[in-house]
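# Structural features, examined
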Amino acid sequence: MIPVTDRVVNAVSRRKAIERFREKQIILPTFAQMRNPEHIPGKIKDSLKNIGLWDLHPLNLFRITWKNEPVESGGLFGGVNFLELPPALTGVDARIIMLIGKYFPTGSHKVGAAYGCLAPRIISGEFDPSYHKAVWPSTGNYCRGGAFDSWLMGVTAVAILPEEMSRERFSWLEDIGAEVIATPGCESNVKEIYDKCWDIRRNRPDCVIFNQFDEFGNPAWHYNITAPAIEEVYDALKTGKSQLAAYVSATGSAGTIGAGDRLKNRFPAMKIVASEALQCPTLMLNGFGGHRIEGIGDKHVPWVHNVRNTDMVTAIDDEDCMRVFRLFNEPDGHKYLKSCGLDQGITEQLHLLGISGIGNLLSAIKTAKYYEMNSNDVVITLATDSADMYRSRLPELEAEKGPYNMLQAAKDFEKCINGQACDNLRELGYYDRKAIHNLKYFTWVEQQAKETEDLNRLWYDREIWEQQFNQAEKWDEMIEAFNEETGVLKSM
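Parameters at a glance
Residues numbered from 1 in each chain as written. Predicted model: local features only at pLDDT ≥ 70, side-chain atom pairs only at ≥ 80, totals over all residues. Heavy atoms only, no water. Helix = DSSP H or I, 4+ residues; strand = E, 2+ residues; numbered from the N terminus. Buried < 20%, exposed > 50% of the residue type's maximum accessible area, 1.4 Å probe, protein only. Contact = heavy atoms within 4.5 Å. Areas by Shrake-Rupley, 256 points an atom, 1.4 Å probe, with all protein chains shown as cover. Lys, Arg positive; Asp, Glu negative; His and termini not counted. Charge placed at Lys NZ, Arg CZ, Asp CG, Glu CD. Polar contact = N/O pair within 3.5 Å; in protein donor to acceptor, adjacent residues only side chain to side chain. Phe/Tyr/Trp six-rings, centres within 6.5 Å; stacked < 30°, edge-to-face > 60°. Pairing = 2+ DSSP bridges. Axes fitted to C-alpha atoms, helices over the stretch in contact; angles between N-to-C directions. Core = buried A, V, L, I, M, F, W, Y, C linked by side-chain atoms within 4.5 Å. Left-handed = near helix turned anticlockwise from the far one by under 90°. Nonpolar A, V, L, I, M, F, W, Y, C, P; charged D, E, K, R; others polar. Patch = residues over 30% accessible without salt bridge, like charges linked within 9 Å, V, L, I, M, F, W, Y side chains within 5 Å. Salt bridge = Lys/Arg side-chain N within 4 Å of Asp/Glu carboxyl O. Parallel < 35°, antiparallel > 145°, perpendicular 65-115°, else oblique.

Let us now look at the overall build of the protein chain. Assigned secondary structure in the protein chain consists of 23 helices and eleven strands. Its C-alpha atoms give the protein chain principal-axis dimensions of about 65 × 50 × 50 Å. Burial status across the protein chain gives 61% buried among its 492 residues. Taking contacts inside the protein chain between residues at least 6 apart in sequence as the whole, the part at least 24 apart equals 75%. Entry remark: accessible area of the protein chain is about 17800 Å², with carbon and sulfur atoms responsible for 48%. Once the 55 positive and 67 negative side-chain charges of the protein chain are each reduced to a mean point, those two points are 2 Å apart.

For the rest of this paragraph, the subject is the side chain of Thr282. You can see Thr282 is positioned in helix H11 (residues 282-285). Only 3.1 Å separates the side chain of Thr282 from the backbone nitrogen of Lys299, close enough to count as a polar contact.

All told, the structure shown has 23 aromatic pairs when counted by the stated rule. A ring pair is formed by Trp303 and Trp444, whose centres lie 6.2 Å apart and whose planes are at 55°; its orientation type is tilted. One end of the pair, Trp303, is in the loop between H11 and strand S9 (312-316); the other, Trp444, is in helix H19 (residues 440-445), and 141 residues separate them in sequence. Residue classification places Trp303 among the buried positions, given a relative accessible area of 2%. Judged by its relative accessible area of 0%, Trp444 falls in the buried class. Three or more aromatic residues link up through ring pairs in this structure, and these residues are Phe127, Trp136, Tyr142 and Phe210.

Let us now look at the sheet that holds strand S4 (residues 156-162). Strands sit in the order S5-S4-S3-S6 across an open sheet of four strands; the sheet is parallel. Since the sheet does not close on itself, it has two edges, and those belong to strand S5 (179-183) and strand S6 (207-209), each with one partner. Taking each pair of neighbouring strands and ignoring which way they run, the sheet shows an average axis angle of 25°. Summarising the sheet, S4 and S5 pair through five bridges and their orientation is parallel. Its bridge partner being in S5, Ala159 is matched across the sheet by Val180. Lying over the sheet, helix H6 (residues 141-152) contacts strand S3 (133-137) and S4, oriented at roughly 165° with respect to S3.

With 93 residues, the main nonpolar core has Tyr115 and Trp136 as its most contacted residues. Other than its neighbours up to four places away in sequence, Tyr115 contacts Leu28, Pro29, Phe31, Met34, Leu61, Ile64, Pro120, Asp149, Met153 and Ile479.

Quick look at the packing of helix H13 (residues 331-339) against helix H17 (residues 406-418) now. Across the interface, H13 lies against H17 with an axial gap of 8 Å and an inter-helix angle of 65°. Note on packing geometry: the crossing formed by H13 with H17 is right-handed. In this structure, H13 contributes Asp332, Gly333, Lys335, Tyr336 and Leu337 to the contact, and H17 contributes Met406, Ala409, Ala410 and Phe413. Taken together, the residues that form the contact of H13 with H17 break down as six nonpolar, one polar and two charged.

So, on to the environment of Asp432. With respect to the helices and strands, Asp432 occurs in helix H18 (residues 430-438). The spacing of Asp432 and Met284 is 148 residues in sequence and 9.3 Å in space, taken between C-alpha atoms. Among residues more than four places away in sequence, those in contact with Asp432 are Arg426 and Glu427.

A positive phi angle, close to 60°, is found at Gln25, a residue other than glycine. Here Gln25 shows up in the loop between helix H1 (11-24) and helix H2 (31-35).

A word on the sheet that holds strand S11 (residues 425-427). If you walk across this open sheet you meet the seven strands as S1-S2-S10-S7-S8-S9-S11, and the pairing is mixed. Two strands close off the open sheet at either side, each with one partner strand: strand S1 (82-85) and S11. Neighbour-to-neighbour, the strand axes of this sheet turn through a mean angle of 20°, independent of strand direction. Pairing of strand S7 (residues 243-250) with strand S10 (residues 377-383), which is carried by four bridges, proceeds in the parallel orientation. Considered in S10, the bridge of Ala246 is made with Val379.

A word on a nonpolar patch on the surface. Taken together, the side chains of Tyr430, Tyr431 and Tyr460 define a hydrophobic patch exposed on the protein surface, amounting to about 400 Å² of accessible area. As for its placement among the helices and strands, Tyr460 is situated in helix H20 (residues 452-460).

Close contact between helix H5 (residues 110-123) and H6 brings their axes to 8 Å; oriented N to C, the two are set at 60°. If you check the angle between H5 and H6, you find them oblique. Of the two elements, H5 crosses H6, and the hand of that crossing is right-handed. Here Lys110, Val111, Ala113, Ala114, Tyr115, Cys117 and Leu118 of H5 come into contact with H6, specifically with Asn141, Tyr142, Gly145, Gly146, Phe148, Asp149 and Ser150. Split into classes, the residues belonging to the contact of H5 with H6 amount to eight nonpolar, four polar and two charged.

With that out of the way, let us pick up the environment of Thr310. Mapped onto the fold, Thr310 is located in the loop between H11 and S9. Considering only alpha carbons, one finds Thr310 and Arg201, 109 residues apart in sequence, at a separation of 33 Å. Setting aside residues up to four positions removed in sequence, Thr310 forms contacts with Ile257, Ile272, Ala274, His305, Leu428 and Arg433. A polar contact of 2.9 Å, which involves the side chain of Thr310, links it to the side chain of His305.

Remember that the coordinates give geometry; whether it matters functionally is a separate question.
Here it is, written out as structure tokens:
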């Protein structure tokens, strides 16, 4: 059965959570406040003026929004953080716009996905923070976001991620005091993470697993927060002839791509494009393998991916991503781009794109070329995190490839950006989508004990996805009632 969280399940656990939140002075933001921070009470905003973006302070739960002022400390709220990349860089006439995730706490929007999974369990009494530990299986940013949210909510966190992820991820998790479990492999070794989760289920009854790949709170957060942010940016930038032509997102846990479901309600002609690594073309070719585009786990189809709404799959060579990462972050890369006429203001902001963000950019370019888009077409995608998450990769690449120079920058720009073509992509028909959906069986029914009946519901039930995504309205009512009972906001 596919559950809906719309009532208190365990009043005793909820009471313990209220006591914990009262003791630690924790207030939960509503989804409406994360979507529109102008609804945040003034006394909370006054307090945030003295709190850093990454500080371990409960009020930073109110900074789980795309609208944080882009400063490290004391910032409040403004418009959505985004970057429009000009044709001088992208090589296409279509307007490519990227939402910027760097200015979330932890430097990634995954704090939102984690909140969408944990908060509903707390307000319904399904999670007792005085007893339970929150387990965050991830390929990187999700377990960081989960550990951060856990700390802010007075919860003990257990982070699971592949051992080959960047050192920055492990160091931060260790510093925050999370229990860290490193599983074998790289970005695409998700099954090994699931195997560890089964071990925890069998042997650690105090642990609750928040698996972003099957938790509907993950895409529900993006449906209610990311999609409206995209609409706001589009409405601010559009002309009389503009159309939102495509939304591009790496599949990963299928959380971010879930924003496309809401966007399609308003823009039914829009294309939803799923991006993945060429070295592991799971959706495009039922393929497998390992890759270096950190931030997008694969080798399976997430339970929460509404494949019926996916129009195209693109596969991006991870070598292109690594080369563009150097181009965007090495001094000679900037020097070359400026020599090509790229505005210095844009060049200085390219560090806002992490490796998966670069993959999304290259997928957006492919999409614009395939559909022959012009300057009236707007393609929106995301940089879920920034280069700050991967600085250790630069000396590694220098040791492997040698020092970076202008000649290499020219090669990388021409081959990896201008050279993106209409290969390694697949436009999906009805039965293409159904074939991808059916792949869920092997992961979720055979390995993860889901029911075949529920698998079929996710394909045939025309109401199930909207039902899951629209739970946030009820969650807000429950959050407000929970906060009222803690009394923390009233006592500020």
